[in-house]
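# Results of the structural survey
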Amino acid sequence: MHELSLAQSILSIVQQAIPPQQHERVRTIYLQIGTLSGIEIDALTFSFDIIKESSPFALASLDIEIIEAQGKCNGCGTLFTYETYGTPCPRCGSFSIEIIRGKEMRVSGIDVD
Ligand SMILES: [Zn+2]
């Protein structure tokens, strides 16, 4: 399950960012997840809740911000909301689109009590 390994990598990011003596005091992990990342939010929070129980982060929860994907047309330079792969440029109809954002999953912040 893809989301299980994601949840594990989130915990290892937090583990490296926070000194060990503060691990049990981590309360909130802020994530930014792009709409094109392919990540199932429900599956991710479910996986996270399972693996955190056997880690020092049992009291931590995820706070997820969804990042709307944006595309830039390589033909005319128009920026637009890129909802699904294969969407043409709304201005010139070109399919040559550079995805500016929306594929990412990142830890944007960590709250320690
Ligand atoms: Zn265009």
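Check the entry above for the structure.
Attention here is on the structure that accompanies the text. Only a predicted model underlies this, so the values are computations on that prediction, with no experimental measurement involved. For every chain, the first residue of its written sequence is number 1, and the numbers climb from 1 along that sequence. Selection of residues for local features in this predicted model requires a pLDDT of at least 70, selection of side-chain atom pairs for listing and counting requires 80 or more, and totals for whole chains, interfaces and linings are taken over all residues.

So, on to the overall build of the protein chain. Helix and strand assignments come from DSSP, with helices taken as H or I runs of at least 4 residues and strands as E runs of at least 2, each series counted from the N terminus. Within the protein chain, the secondary structure is distributed over two helices and six strands. Ordered by position from the N terminus, the helices and strands of the protein chain form the series α-β-α-β-β-β-β-β. Each radius of gyration is computed over the set of C-alpha atoms, and the globule rule expresses the reference value as 2.2 Å times the number of residues to the power 0.38. Computed over the C-alpha atoms, the radius of gyration of the protein chain is 17 Å, more than 25% above the 13 Å expected from 2.2 N^0.38 for a compact globule of 113 residues. Projecting the C-alpha coordinates of the protein chain onto the three principal axes gives extents of approximately 55 × 25 × 15 Å. Here the protein chain holds 113 residues, and 20% of them are scored as buried. Nonlocal contacts in the protein chain, meaning residues at least 24 apart in sequence, comprise 70% of its contacts between residues at least 6 apart. Exposure in this text rests on C-beta crowding, where 20 or more other C-beta atoms within 10 Å of a residue's own make it buried, 12 or fewer make it exposed, and counts in between make it partly exposed. The C-beta atoms are placed from the backbone. Residues are defined as contacting one another if the C-beta atoms placed from their backbone atoms lie within 7 Å.

Here an axis means a line fitted to C-alpha atoms, over the contact stretch when the element is a helix, while the angle between two N-to-C directions is reported on a 0 to 180 degree scale. The geometry of helix α1 (residues 2-17) relative to helix α2 (residues 41-52) is characterised by a closest axis approach of 8 Å and an angle of 60 degrees between their N-to-C directions. With respect to α2, the element α1 is oriented oblique. As α1 runs across α2, the sense of the crossing is right-handed. Every residue of α2 that contacts α1 at Glu3, Leu4, Leu6, Ala7, Gln8, Ile10 and Leu11 is listed here: Ala43, Leu44, Ser47, Phe48 and Ile51. When residues are grouped by polarity, Ala, Val, Leu, Ile, Met, Phe, Trp, Tyr, Cys and Pro land in nonpolar, Asp, Glu, Lys and Arg in charged, and all others, Gly among them, in polar. For the contact of α1 with α2, the class distribution of residues is nine nonpolar, two polar and one charged. When an angle is under 35 degrees it counts as roughly parallel; over 145 it counts as roughly antiparallel; between 65 and 115 it counts as roughly perpendicular; any other value is oblique. It is the rotation of the near helix from the far one that decides the hand of a crossing: anticlockwise by less than a right angle makes it left-handed, clockwise makes it right-handed.

Turning next to the sheet that holds strand β4 (residues 79-81). DSSP calls a pair of strands paired once it identifies at least 2 bridges connecting them. The strand order across the open sheet built from three strands is β4-β3-β5, with neighbouring strands paired in antiparallel fashion. The open sheet has two edge strands, β4 and β5 (97-101), and neither has a second partner. Across the sheet, the mean angle from the axis of one strand to that of its neighbour is 35 degrees, orientation sign disregarded. Here strand β3 (residues 70-73) pairs with β4 via three bridges, running antiparallel.

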